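Fold and geometry: a report
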Amino acid sequence: MPPSLLTRHGIQLGSEGVIGLLDYGGLGSDDSNGDVPGHGTIILLHGLMGRGRTWSRQIPWLRRYGQVFTFDAAFHQGASGSDAMPTPEEIATERFVADVAEVITWIDRGPAVLVGHSMGGLHAWCAAAEFPELVSAIVVEDMAPDFQGRTTGDWAPWFNSWPERFADLSEATALFGDVAGRYFYEAFDDGRLHGSIPVWAAIAEEWGTRDFWTQWDAVQAPALLIEAEHSVTPAGQMEQMSRRGPQSRYARVAGAGHLVHDDQPDVYRGAVEAFLSGLPA
């Protein structure tokens, strides 16, 4: 389903960065039967170095449950042409969470179900904690509250091995593997980076200096936690999140890497559909 022309263009939120919002329609939207109960708005939140359009394989079946939007977080919508680094405040988790809240308010279709991968999962639960009136449920995929002590310093040699432009999908999959290669290539602009590596590294660096347990403990919305067998999260944290969350379900997906939704798409779909089907309409 192509996105609506009405929301094809980026919108400006706050004073820094452009966030791209796309409306894919679905249950409850103008192109569906509005009398059929569903879950209103579903917003898909991508991971670090990702983009909304990397959700293309999940959008069709999610449209059965609500009106589906994707949005590109700040500093993920294309190269800015500027070498200036943003301030810590401009790339703090609180800034991204405020953007999520403003998106829900701007489209005036809340409360919303937030479906987040990695960084997007963090933003989903922090938004649910800070703005409970705007969030009805969350899905958190392979993200944990505490990465303290970890740094992005080891990323540099890997990033330096990338070409300036990937000629085609096969070149990306040769470097990253089939699943991650497709994910990155879909996020790129004609094979080129859609943002700044130093900025992305700085966003992740914040996670090594603090934890987000307080935000998680404040979540009252129903939550589905999906962890990959080959996870990037510290061992045991997502299970602990489930034990501490009053309305949380936890699933560990055997054989899956960090991109569970593309690595094990049928298992991911089954878990999310079961979760959404169990929520009140």
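Structure report, in brief. (Residues numbered from 1 in each chain as written. Predicted model: local features only at pLDDT ≥ 70, side-chain atom pairs only at ≥ 80, totals over all residues. Heavy atoms only, no water.)

**What about the packing of aromatic side chains?**
According to the stated counting rule, one finds 16 aromatic pairs in the structure shown. Ring geometry for Trp162 and Phe176: centres 5.0 Å apart, planes at 80 degrees, overall edge-to-face. In this pair, Trp162 sits in the loop between α4 (155-160) and α5 (169-176) while Phe176 sits in helix α5, placing the two residues 14 residues apart along the sequence. Phe176 sits in the buried class, given a relative accessible area of 14%. By way of ring pairs, the aromatic residues Trp158, Phe159, Trp162, Phe166, Phe176, Tyr183, Phe184 and Phe188 are connected into one cluster. Lying across the ring of Phe96, Arg95 places its NZ or CZ 5.9 Å from the centre. (Phe/Tyr/Trp six-rings, centres within 6.5 Å; stacked < 30°, edge-to-face > 60°. Helix = DSSP H or I, 4+ residues; strand = E, 2+ residues; numbered from the N terminus. Buried < 20%, exposed > 50% of the residue type's maximum accessible area, 1.4 Å probe, protein only. Lys NZ or Arg CZ within 6 Å of the ring centre and 35° of its normal.)

**Here's the deal with the nonpolar core**
In this structure, Ile43, Leu114, Trp125, Ile138, Ile203, Trp207 and Trp216 are the most contacted members of the largest nonpolar core, which totals 57 residues. When residues no more than four places from it in sequence are discounted, the contact partners of Trp207 are Leu48, Thr93, Met119, Leu122, Met143, Phe147, Gln148 and Phe212. Membership of the second largest hydrophobic core comes to 25 residues, among which are Trp61, Val253, Ala256 and Phe275. (Core = buried A, V, L, I, M, F, W, Y, C linked by side-chain atoms within 4.5 Å. Contact = heavy atoms within 4.5 Å.)

**Observations regarding the pairing of strand β6 (residues 135-141)**
Of all 7 residues making up β6, 6 are buried, and the element is well covered by its neighbours. Of the pairings in the sheet, the one linking strand β5 (residues 112-117) to β6 comprises 6 bridges and is parallel in character. Within the sheet, the bridge partner assigned to Leu114 lies in β6 and is Ile138. Read as a crossover between parallel neighbours, the route from β5 over helix α3 (residues 119-130) to β6 is right-handed. Bridge count between β6 and strand β7 (residues 223-228): 4 bridges; the pairing is parallel. (Pairing = 2+ DSSP bridges. Right-handed = clockwise from strand over helix to strand, strands pointing away.)

**Re the environment of Val219**
With respect to the helices, strands and loops of the structure, Val219 is situated in the loop between α8 (213-217) and β7. Distance from Val219 to Gln247, taken between C-alpha atoms, is 8.9 Å for residues 28 residues apart in sequence. Leave out the neighbours within four places in its chain, and Val219 touches Trp125, Ala128, Ala129, Ile138 and Pro246.

**Points about unusual backbone geometry**
A cis amide bond links Gly110 to the next residue, Pro111, at an omega of -5 degrees. Note that Pro111 resides in the loop between α2 (93-107) and β5. Residues other than glycine seldom take positive phi values, yet Met49 does so here, at roughly 70 degrees. As for its placement among the helices and strands, Met49 is situated in the loop between β3 (41-45) and α1 (59-62). Phi is positive for Asp190, which is not a glycine, with a value near 50 degrees. When its relative accessible area of 54% is taken as the criterion, Asp190 is described as exposed.

**Focus: the packing of α5 against helix α6 (residues 178-187)**
Running from N to C, α5 and α6 point in directions that differ by 130 degrees, and their axes come no closer than 7 Å. When the interaxial angle is binned, α5 and α6 end up oblique. The hand of the α5/α6 crossing is right-handed. On α6, the residues touching Leu169, Ala172, Thr173 and Phe176 of α5 are Asp178, Ala180, Gly181, Arg182, Phe184 and Tyr185. Across the contact of α5 with α6, the residue classes tally to 6 nonpolar, 2 polar and 2 charged. (Axes fitted to C-alpha atoms, helices over the stretch in contact; angles between N-to-C directions. Parallel < 35°, antiparallel > 145°, perpendicular 65-115°, else oblique. Left-handed = near helix turned anticlockwise from the far one by under 90°. Nonpolar A, V, L, I, M, F, W, Y, C, P; charged D, E, K, R; others polar.)

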